[in-house]
Amino acid sequence: RRPGKKTAMQSRRGCVLLLAVACLWTSVNHFSDSFTPPLRGRARLFLDTADVKAYEELLPLGLFSGVTTNPGILSKAKVSCSVDSLKTLAEKALSYTDEFMCQSWGKDEKNLYETGLKLADINKDKVVVKVPATLEGIKAAKRLLEDGVRVCLTACYSAKQALIATGRTCRNICKCFR
């Protein structure tokens with residue numbers, strides 16, 4: 001390595017760690033702990049990326065509780081937003097950690113729900129389906145929860161949205177920082 005030249009990890013570290021901090025997941029603490037591994041705190045950090053090299057470099061450090069991604073992150077990483085692509089990412093991530101969060105997509109409750117079911121089928125015990133905290137997302141989340149899917153309401157920008165998430169018995173809420 002030439003003096004002054006950054007390694008791949010050094011050049012990515014700042015960006016990925018900032019994303020991870022911006023994606024601080026807060027567990028709702030008054031519901032069953034059946035989905036959350038024991039001895040986890042109330043707040044957990046998730047590596048927010050679709051970069052498998054970041055998984056290999058950062059997950060072994062033990063700083064992150066898991067990996068999370070969404071359609072925007074997939075697009076930036078030039079990974080197709082498909083169940084098959086997310087299955088590949090989940091398998092890689094779950095070789096290092098015990099939780100993988102991926103966001104459902106669709107314009108209405110029906111599409112969010114159907115995509116959510118497909119995502120949950122990747123690994124029912126370790127995949128959490130993120131659903132946007134919109135009216136259609138909340139309707140889809142209710143149906144997914146009724147089907148035993150682990151759900152996280154994401155894109156929560158207000159306390160009202162977080163309260164709705166707890167009312168829906170979602171195990172996780174993603175508070176988005178701007």
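Going by the structure above, here's the rest.
Residues numbered from 1 in each chain as written. Predicted model: local features only at pLDDT ≥ 70, side-chain atom pairs only at ≥ 80, totals over all residues. Heavy atoms only, no water.

Undergrad: Can you lay out the nonpolar core for me, pointing to particular residues and giving the numbers?
TA: If you look at the biggest cluster of nonpolar residues, it comprises 33 residues, and the most contacted ones within it are L47, Y55, L86 and F100. For this core, the secondary-structure elements that each account for two or more residues are α2 (52–58), α3 (71–76), α4 (83–93), β4 (100–103), α5 (109–120), β5 (127–132), α6 (135–146) and β6 (151–156). Excluding anything up to four places from it in sequence, L86 contacts T69, L74, F100, C102, W105, L119 and I122. (Core = buried A, V, L, I, M, F, W, Y, C linked by side-chain atoms within 4.5 Å. Buried < 20%, exposed > 50% of the residue type's maximum accessible area, 1.4 Å probe, protein only. Helix = DSSP H or I, 4+ residues; strand = E, 2+ residues; numbered from the N terminus. Contact = heavy atoms within 4.5 Å.)

Undergrad: Would you mind going over unusual backbone geometry in detail, with residue names and values included?
TA: Phi at K78 takes a positive value of approximately 60°, unusual for a residue other than glycine. Residue placement: K78 occurs in the loop between α3 and α4. Residue classification places K78 among the exposed positions, given a relative accessible area of 77%.

Undergrad: Now, about the packing of aromatic side chains: what can you tell me, with residues and values included?
TA: Considering all chains together, one arrives at 0 aromatic pairs under this definition. Over the aromatic face of Y113 sits the side chain of R143, whose NZ or CZ is 3.7 Å from the ring centroid. (Phe/Tyr/Trp six-rings, centres within 6.5 Å; stacked < 30°, edge-to-face > 60°. Lys NZ or Arg CZ within 6 Å of the ring centre and 35° of its normal.)

Undergrad: Quick rundown of the pairing of β5? Include the residues and the values.
TA: Across the 6 residues that make up β5, a large majority, 6, are buried. Side chains V127, V129 and V131 project from β5 onto one buried face, and the interleaved V128, K130 and P132 project onto a second face that is buried too. Pairing analysis gives 4 bridges linking β4 to β5, with the strands arranged parallel. Directly across from C102, in β5, lies its bridge partner V129. Handedness of the crossover joining β4 and β5 through α5: right-handed. (Pairing = 2+ DSSP bridges. Right-handed = clockwise from strand over helix to strand, strands pointing away.)

Undergrad: Account for the pattern of salt bridges, with residues named and values stated.
TA: Considering all chains together, one arrives at 7 salt bridges under this definition. As a salt-bridge pair, R143 and E109 come within 3.5 Å of each other at their nearest N and O atoms. Of this pair, R143 sits in helix α6 while E109 sits in helix α5, and the two are 34 residues apart along the sequence. Note that D121 is salt-bridged to K124, the shortest N-O span being 3.1 Å. Owing to a relative accessible area of 53%, D121 belongs among the exposed residues under this scheme. (Salt bridge = Lys/Arg side-chain N within 4 Å of Asp/Glu carboxyl O.)

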